[in-house]
Amino acid sequence: EGRSSVGVTNESGEYQMVYSSKKAGALIGEHKVEITTARMDLQGEPVGEAIPSRYRGSETELRATVAKGSNEFNFELELNDSEIKRLQKINDIPSS
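The following paragraphs examine the structure supplied in this document. (Residues numbered from 1 in each chain as written. Predicted model: local features only at pLDDT ≥ 70, side-chain atom pairs only at ≥ 80, totals over all residues. Heavy atoms only, no water.)

### Quick notes on the overall build of the protein
Step number 1: Secondary structure assignment for the protein yields one helix and six strands.
Step number 2: When the helices and strands of the protein are placed in sequence order, the string is β-β-β-β-β-β-α.
Step number 3: When the backbone C-alpha atoms are referred to their principal axes, the protein occupies close to 45 × 30 × 25 Å.
Step number 4: Going through the 96 residues of the protein one by one, you find that 14% of them count as buried.
Step number 5: Across the protein, the fraction of contacts at a sequence separation of at least 24, relative to all contacts at a separation of at least 6, is 40%.
Step number 6: On the protein, roughly 7900 Å² of surface is accessible, and the fraction owed to carbon and sulfur atoms is 48%.
Step number 7: Separation of charge centres in the protein, based on 12 positive and 16 negative side chains, amounts to 5 Å. (Helix = DSSP H or I, 4+ residues; strand = E, 2+ residues; numbered from the N terminus. Buried < 20%, exposed > 50% of the residue type's maximum accessible area, 1.4 Å probe, protein only. Contact = heavy atoms within 4.5 Å. Areas by Shrake-Rupley, 256 points an atom, 1.4 Å probe, with all protein chains shown as cover. Lys, Arg positive; Asp, Glu negative; His and termini not counted. Charge placed at Lys NZ, Arg CZ, Asp CG, Glu CD.)

### Quick notes on the pattern of salt bridges
Step number 1: Counted under the stated rule, the structure contains two salt bridges.
Step number 2: Arg56 serves as the salt-bridge partner of Glu49, at 3.8 Å between the closest nitrogen and oxygen.
Step number 3: Given the relative accessible area of 30%, Arg56 is considered partly exposed.
Step number 4: Residue Arg54 is joined to Glu83 by a salt bridge in which the shortest nitrogen-to-oxygen separation is 3.0 Å. Here Arg54, found in the loop between strand S5 (46-47) and strand S6 (62-66), pairs with Glu83, found in helix H1 (residues 81-90); they are 29 residues apart in sequence, far enough to count as distant.
Step number 5: Among the residues examined, Glu83 registers a relative accessible area of 14% and is labelled buried. (Salt bridge = Lys/Arg side-chain N within 4 Å of Asp/Glu carboxyl O.)

### Observations regarding the side chain of Glu49
Step number 1: Within the secondary structure, Glu49 is located in the loop between S5 and S6.
Step number 2: There is a polar contact of 2.3 Å between the side chain of Glu49 and the side chain of Thr36.
Step number 3: Discounting residues that sit within four places of it in the chain, Glu49 has contacts with Thr36, Thr37, Ala38, Arg56, Arg86 and Ile90. (Polar contact = N/O pair within 3.5 Å; in protein donor to acceptor, adjacent residues only side chain to side chain.)

### Examining the nonpolar core
Step number 1: Counting residues in hydrophobic clusters, the biggest one holds five residues: Val33, Ile51, Tyr55, Leu62 and Ala64.
Step number 2: Once you skip the residues sitting within four places of it in the chain, Leu62 turns out to touch His31, Lys32, Val33, Ile35, Arg54, Tyr55, Phe75 and Leu77. (Core = buried A, V, L, I, M, F, W, Y, C linked by side-chain atoms within 4.5 Å.)

Encoded structure:
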(Lines give C-alpha, C1' and ligand atoms only; values in the text may rest on other atoms or scores of the structure.)
Protein backbone atom coordinates (compact mmCIF):
# COMPACT_ATOMS: atom_id res chain seq x y z
CA GLU A 1 0.00 0.00 0.00
CA GLY A 2 1.43 3.38 -0.98
CA ARG A 3 0.67 7.01 -0.46
CA SER A 4 -2.28 8.94 -1.85
CA SER A 5 -2.31 10.78 -5.14
CA VAL A 6 -3.91 14.20 -5.42
CA GLY A 7 -5.47 16.11 -8.30
CA VAL A 8 -6.97 19.60 -8.50
CA THR A 9 -9.41 20.50 -11.25
CA ASN A 10 -9.03 23.50 -13.52
CA GLU A 11 -11.87 25.72 -14.77
CA SER A 12 -12.81 23.04 -17.34
CA GLY A 13 -12.99 20.26 -14.75
CA GLU A 14 -9.80 18.63 -16.01
CA TYR A 15 -7.25 17.27 -13.59
CA GLN A 16 -3.97 15.38 -13.48
CA MET A 17 -3.04 13.17 -10.58
CA VAL A 18 0.23 13.76 -8.74
CA TYR A 19 1.80 11.03 -6.61
CA SER A 20 4.66 13.15 -5.26
CA SER A 21 6.40 16.41 -6.08
CA LYS A 22 8.57 14.50 -8.58
CA LYS A 23 6.12 11.88 -9.89
CA ALA A 24 2.81 12.26 -11.71
CA GLY A 25 0.07 9.64 -11.66
CA ALA A 26 -1.08 7.03 -9.17
CA LEU A 27 -0.06 3.52 -8.16
CA ILE A 28 -1.47 0.66 -10.24
CA GLY A 29 -4.46 -1.01 -8.60
CA GLU A 30 -7.82 -0.20 -7.05
CA HIS A 31 -8.22 3.11 -5.23
CA LYS A 32 -10.87 4.87 -3.18
CA VAL A 33 -11.63 8.25 -4.75
CA GLU A 34 -12.50 11.30 -2.67
CA ILE A 35 -13.94 14.50 -4.14
CA THR A 36 -14.10 17.68 -2.09
CA THR A 37 -14.80 21.38 -2.48
CA ALA A 38 -13.33 22.27 0.91
CA ARG A 39 -10.60 24.88 1.16
CA MET A 40 -8.50 25.64 4.21
CA ASP A 41 -9.17 28.83 6.18
CA LEU A 42 -6.46 30.87 7.89
CA GLN A 43 -6.53 28.52 10.89
CA GLY A 44 -6.06 25.44 8.68
CA GLU A 45 -9.67 24.28 9.07
CA PRO A 46 -11.64 23.04 6.04
CA VAL A 47 -14.47 25.36 4.93
CA GLY A 48 -16.90 25.46 2.02
CA GLU A 49 -17.64 21.74 1.74
CA ALA A 50 -20.53 21.13 -0.65
CA ILE A 51 -19.89 17.53 -1.69
CA PRO A 52 -22.03 14.91 0.10
CA SER A 53 -20.12 12.58 2.43
CA ARG A 54 -20.81 9.58 0.19
CA TYR A 55 -18.23 11.05 -2.24
CA ARG A 56 -15.54 12.15 0.22
CA GLY A 57 -13.52 11.04 3.21
CA SER A 58 -13.69 7.56 4.65
CA GLU A 59 -17.36 7.26 3.57
CA THR A 60 -16.65 7.62 -0.16
CA GLU A 61 -18.31 5.07 -2.40
CA LEU A 62 -16.24 6.07 -5.44
CA ARG A 63 -13.59 3.66 -6.74
CA ALA A 64 -11.17 3.63 -9.66
CA THR A 65 -8.84 0.90 -10.88
CA VAL A 66 -5.59 2.29 -12.26
CA ALA A 67 -3.98 0.18 -14.99
CA LYS A 68 -0.50 0.48 -16.46
CA GLY A 69 -0.32 3.28 -19.02
CA SER A 70 -2.67 6.18 -19.52
CA ASN A 71 -5.95 6.21 -17.56
CA GLU A 72 -8.92 8.56 -17.59
CA PHE A 73 -11.63 8.63 -14.94
CA ASN A 74 -14.74 10.81 -14.94
CA PHE A 75 -17.12 10.77 -11.99
CA GLU A 76 -20.79 11.70 -12.32
CA LEU A 77 -22.00 12.87 -8.92
CA GLU A 78 -25.71 12.55 -8.23
CA LEU A 79 -27.01 15.38 -6.04
CA ASN A 80 -30.46 15.87 -4.56
CA ASP A 81 -32.14 19.31 -4.52
CA SER A 82 -30.81 20.33 -1.09
CA GLU A 83 -27.27 19.30 -2.06
CA ILE A 84 -27.51 21.36 -5.27
CA LYS A 85 -28.73 24.41 -3.31
CA ARG A 86 -25.84 24.04 -0.85
CA LEU A 87 -23.32 23.84 -3.70
CA GLN A 88 -24.85 26.92 -5.36
CA LYS A 89 -24.76 28.87 -2.08
CA ILE A 90 -21.11 28.04 -1.37
CA ASN A 91 -20.10 28.98 -4.92
CA ASP A 92 -22.38 32.04 -5.18
CA ILE A 93 -24.30 30.56 -8.11
CA PRO A 94 -27.83 31.93 -8.59
CA SER A 95 -30.55 29.27 -8.49
CA SER A 96 -32.67 28.93 -11.60
